[in-house]
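Listed here are the chains, written in short residue letters.
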Amino acid sequence: EIGDERQVLCISHLPQVISSAHHHLQVQKQVKENRTSSQISYLSFSDRVQEIARMLGGTTITEKTIEHAKEMLRSNVPSQELRQLRLLS
């Protein structure tokens, strides 16, 4: 409800939270020569499915985890993205 009227930035490791986002950014941290840097990238809709499936299944992504990710997005995505989700089915 807060996100309906305001911009909200939420950092989460929970696929249940992530699947309700309108946009999905992935943050990756790396350490090189004792220096830490972060990289932020915007995920496409199909990348969102893969990332949520990874969060659900760990290192092994199966057809079941992909279907579960799609189902989570189906119930949470804004209507303009439903067409993209149908294309992924």
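As a starting point, this report considers the structure included with it. Since we're looking at a predicted model, the values are computed, not measured.

### Side note on the layout of surface pockets
Of the voids in this model, the largest pocket is the one considered here, and its volume is about 1100 Å³. Contributing to the lining of the largest pocket are 26 residues, with Val8, Leu9, Cys10, Ala21 and His23 lying nearest its centre. Of all elements in the fold, only helix 1 (2–5), helix 2 (15–18), strand 1 (25–32) and helix 3 (45–57) reach the threshold of two or more residues within the lining of the largest pocket. Considering every element that reaches the lining of the largest pocket, the biggest residue donor is strand 1, with four residues.

### A few points about the packing of helix 3 against helix 4 (residues 63–74)
Relative orientation of the contacting elements helix 3 and helix 4 amounts to 120°, with a least axis distance of 8 Å. With respect to the hand of their crossing, helix 3 and helix 4 are arranged in right-handed fashion. Contact residues: Phe45, Arg48, Val49, Gln50, Ile52, Ala53, Leu56 and Gly57 in helix 3; Thr65, Ile66, His68, Ala69, Lys70, Met72 and Leu73 in helix 4. In the contact of helix 3 with helix 4, the residues fall into nine nonpolar, four polar and two charged.

### Focus on helix 4
Taking 1.5 Å of rise per residue, the 12 residues of helix 4 would be expected to cover 16 Å, and the 16 Å separating its terminal C-alpha atoms lies within 8% of that figure. Looking at helix 4, one finds that the buried residues are Thr65, Ile66, Ala69, Lys70, Met72 and Leu73. In an axial view of helix 4, the angular spread of the buried residues amounts to 160°, which keeps them on one side of the axis. Turned more than 90 degrees off the buried face of helix 4, the exposed positions are Glu63 and Lys64.

### Remarks on the pattern of salt bridges
Inspection of every chain in the model, using the stated rule, returns three salt bridges. Here Glu51 and Arg54 are joined by a salt bridge, their closest N and O atoms 2.6 Å apart. Taken as a pair, Glu51 and Arg54 lie in helix 3 at a separation of three residues, close to a single helical turn. You can call Glu51 buried: its relative accessible area is 11%. Taking the relative accessible area as the measure of exposure, Arg54 reaches 40% and is therefore partly exposed. With its nearest N and O atoms 3.3 Å apart, the salt bridge here joins Glu71 to Arg74.

### Description of helix 3
Given a rise of 1.5 Å per residue, 13 residues ought to cover 18 Å, and the 19 Å separating the end C-alpha atoms of helix 3 matches this to within 8%. Among all positions in helix 3, only Phe45, Arg48, Val49, Glu51, Ile52 and Ala53 are buried. Looking one or two residues past helix 3, Gly58 carries a phi angle of roughly 75°, positive in sign.

Calculation notes
- Residues numbered from 1 in each chain as written.
- Predicted model: local features only at pLDDT ≥ 70, side-chain atom pairs only at ≥ 80, totals over all residues.
- Heavy atoms only, no water.
- 1 Å grid on protein atoms, 1.4 Å probe; cavity = no way out; pocket = protein on both sides within 12 Å on 5 of 7 lines; lining within 4 Å.
- Points joined across faces, edges and corners; volume = space filled by probe spheres on them.
- Helix = DSSP H or I, 4+ residues; strand = E, 2+ residues; numbered from the N terminus.
- Axes fitted to C-alpha atoms, helices over the stretch in contact; angles between N-to-C directions.
- Left-handed = near helix turned anticlockwise from the far one by under 90°.
- Contact = heavy atoms within 4.5 Å.
- Nonpolar A, V, L, I, M, F, W, Y, C, P; charged D, E, K, R; others polar.
- Expected span 1.5 Å × (residues − 1).
- Buried < 20%, exposed > 50% of the residue type's maximum accessible area, 1.4 Å probe, protein only.
- Arc of directions from axis to C-beta.
- Salt bridge = Lys/Arg side-chain N within 4 Å of Asp/Glu carboxyl O.

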